[in-house]
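Overview (structure and organization)
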Amino acid sequence: MTSTRERATSAADATDGLSAREVLELARSQQRAEDAAAARKLEAAAMWADLHPPESIHAAASYMVAGSEHEEPIAGPGCPAVAQFCIAELGTVLGISTTAATRLIGHALELRHRLPRLWAAVHSGRVPAWRARLVAEAAIHATPGLTPESVGWIDRQITPYAAKVGPAQLDRLVSEAIARQHPAERLDPDDPHPVCPDTRHVTIDAGQVAYAGTTQITAELDLADACDLDHALRTGAAELKALGSNAPLDARRAMALGHLARHQLALDLAGTPATSASGSGSGSAGHPVGAGLPTTRALELHLHFDAGLASDLTIDAFGRLEEGQRLLLLETVKQWCGDSHTRITIKPVIDLNTELHTTGYEPTDRQREQIALRDRTCVFPWCSQPARRCDLDHTEPFDPTAAAGGRSQPGPTTTVNLGALCRRHHRLKTHGRWHVTQPTSGVFDWTSPHGHTYRRDHTGTTRTDTDPDPPAAAP
């Protein structure tokens, strides 16, 4: 048995003899270093934008080709635009997606050009970079858009408090400042029809699926509609409890919302009677109840479960849901399939190791399915766009004149020469100065315009530069 004294000695050895005060000072100094590094990274992002103005696009070309590089405004009015293709290279060097790199450069330009007080506070160490980026993000995407004068007012109001309040308070402060600086015509009391932005929406975040198979819905409704919905959910939750449900109230409200959706879809708008006049449970033509109703649950999900054949067919209790790239319980799928009016489609298994090919330029449907299953996402470094939303790109370009000229096809439409690329990175590969090869099926070696190299395979993205990578973090 290890005594308390021995455990205490072991813990003291682990701190290298530092006292509690010294450990706190070490943590604070590391936080300061992290904040300073984040400020320098913002400055580097702004410098990268300076090196790639829109004028740099046309330096080597006298005309533009459809789909080629163009300038991209990524910050608010008054900030300079940048050459679009430069963003991806900064993102890959930092190990982030092109979308994240766009936000980083946009925030740097917004802070430097439209929020100069906050920019100065970041570089003096008074405001952490992540707090300043919250303000920049809100200013860039404010609706309606903010004028430079309005952003200047926000800069003066926010900067003294940006380092003193929590994230939620900062968000409210920014929202209030933006609300006070909307264009004057929107708040004119003499205008009988003020132009107010319509912010109503219902957003289903199907791309983020939780472990239990749930997803989030956010909505903004008219007050009357919100009250009606609340009443319907309250009533539905009470009915479920009366029918014997032991689920918590919030879960029953969520179930009631699903029932509302299915009941609406199941309305017999074609006039098919659900029951006979005698109430026997058959329709007027002798059809069973619900025979004329449409399929109300129209889920299109791509689920993958490992199966084995020992004595009987066994299916793993955990599977992968393509939508959201999450694990999913087999029991959850059984519950979905067991619900009424659910249509189930089972597609044949596609061997990912089989080489599929066609003589034409357009891939076949079976090839598209195979590539979507193999690549899962866009194969550009650190891009996470689902493969089913991507283009199928020929790694070695297809030559439509090869057959007519009696030449062999340099870029055949085969599995080992196809890859999923989102439209942004497809254009980058076609019109930018990036180079990619596919040495084996599903393995992509990328080289950036400045010579940085990356390998993208089923495990993700790996830097393959000569400089050694830092040790990988534990999963």
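Look above for the structure.
Residues numbered from 1 in each chain as written. Predicted model: local features only at pLDDT ≥ 70, side-chain atom pairs only at ≥ 80, totals over all residues. Heavy atoms only, no water.

**Topic: the packing of aromatic side chains**
Evaluation of the coordinates by the stated rule reveals 5 aromatic pairs. Between tyrosine 361 and phenylalanine 398, the aromatic rings sit 5.3 Å apart at their centres with planes inclined by 65 degrees, giving edge-to-face as the arrangement. In this pair, tyrosine 361 is assigned in the loop between strand S8 (357-358) and helix H12 (365-375) and phenylalanine 398 in the loop between strand S9 (391-394) and strand S10 (413-414), connecting sequence segments 37 residues apart. Residue tyrosine 361 is classed as partly exposed on the basis of its relative accessible area of 45%. (Phe/Tyr/Trp six-rings, centres within 6.5 Å; stacked < 30°, edge-to-face > 60°. Helix = DSSP H or I, 4+ residues; strand = E, 2+ residues; numbered from the N terminus. Buried < 20%, exposed > 50% of the residue type's maximum accessible area, 1.4 Å probe, protein only.)

**Some points on helix H4 (residues 98-114)**
Between the first and last C-alpha of H4 there are 23 Å, a value that for 17 residues agrees with the 24 Å anticipated at 1.5 Å per step. H4 sits mainly inside the fold: 13 of its 17 residues count as buried. (Expected span 1.5 Å × (residues − 1).)

**Thoughts on the sheet that holds strand S15 (residues 460-463)**
As a general point, the strands of a sheet are linked pairwise by backbone hydrogen bonds and lie either parallel or antiparallel. Here we have 4 strands laid out as an open sheet, ordered S12-S13-S14-S15, and antiparallel in their pairing. The outermost strands of the open sheet, each flanked by one partner alone, are strand S12 (435-440) and S15. Neighbour-to-neighbour, the strand axes of this sheet turn through a mean angle of 25 degrees, independent of strand direction. Pairing of S12 with strand S13 (residues 443-447) involves 4 bridges; the strand directions are antiparallel. Each residue of the ladder has a partner; that of threonine 440, found in S13, is valine 443. (Pairing = 2+ DSSP bridges. Axes fitted to C-alpha atoms, helices over the stretch in contact; angles between N-to-C directions.)

**Considering unusual backbone geometry**
Located in the positive-phi region is arginine 376, a residue other than glycine, with phi close to 70 degrees. Tracing the backbone through its elements, the reader meets arginine 376 in the loop between H12 and S9. A relative accessible area of 37% means that arginine 376 is categorised as partly exposed. Non-glycine residue tryptophan 382 carries a positive phi angle of around 65 degrees. Tracing the backbone through its elements, the reader meets tryptophan 382 in the loop between H12 and S9.

**Thoughts on empty space enclosed by the protein**
The tally for this structure, following the rule as stated, stands at 2 cavities of 30 Å³ or more. Estimates place the volume of the largest cavity at around 50 Å³. Lining of the largest cavity is provided by Gln84, Phe85, Ile87, Ala88, Thr98, Arg424, His425 and Leu428. Elements that contribute at least two residues to the lining of the largest cavity include exactly helix H3 (86-94) and helix H13 (423-431). By residue number, the principal contributor to the lining of the largest cavity is H13, which donates 3 residues. In this structure, the second largest cavity spans a volume of roughly 40 Å³. Along the walls of the second largest cavity sit Val379, Asp393, Thr395, Gly419, Leu421, Lys429, Val436, Phe444 and Trp446, which together make up its complete lining. For the lining of the second largest cavity, the elements supplying multiple residues, two or more each, are strand S11 (418-421) and S13. Residue composition of the lining of the second largest cavity, by class: 5 nonpolar, 2 polar and 2 charged. (1 Å grid on protein atoms, 1.4 Å probe; cavity = no way out; pocket = protein on both sides within 12 Å on 5 of 7 lines; lining within 4 Å. Points joined across faces, edges and corners; volume = space filled by probe spheres on them. Nonpolar A, V, L, I, M, F, W, Y, C, P; charged D, E, K, R; others polar.)

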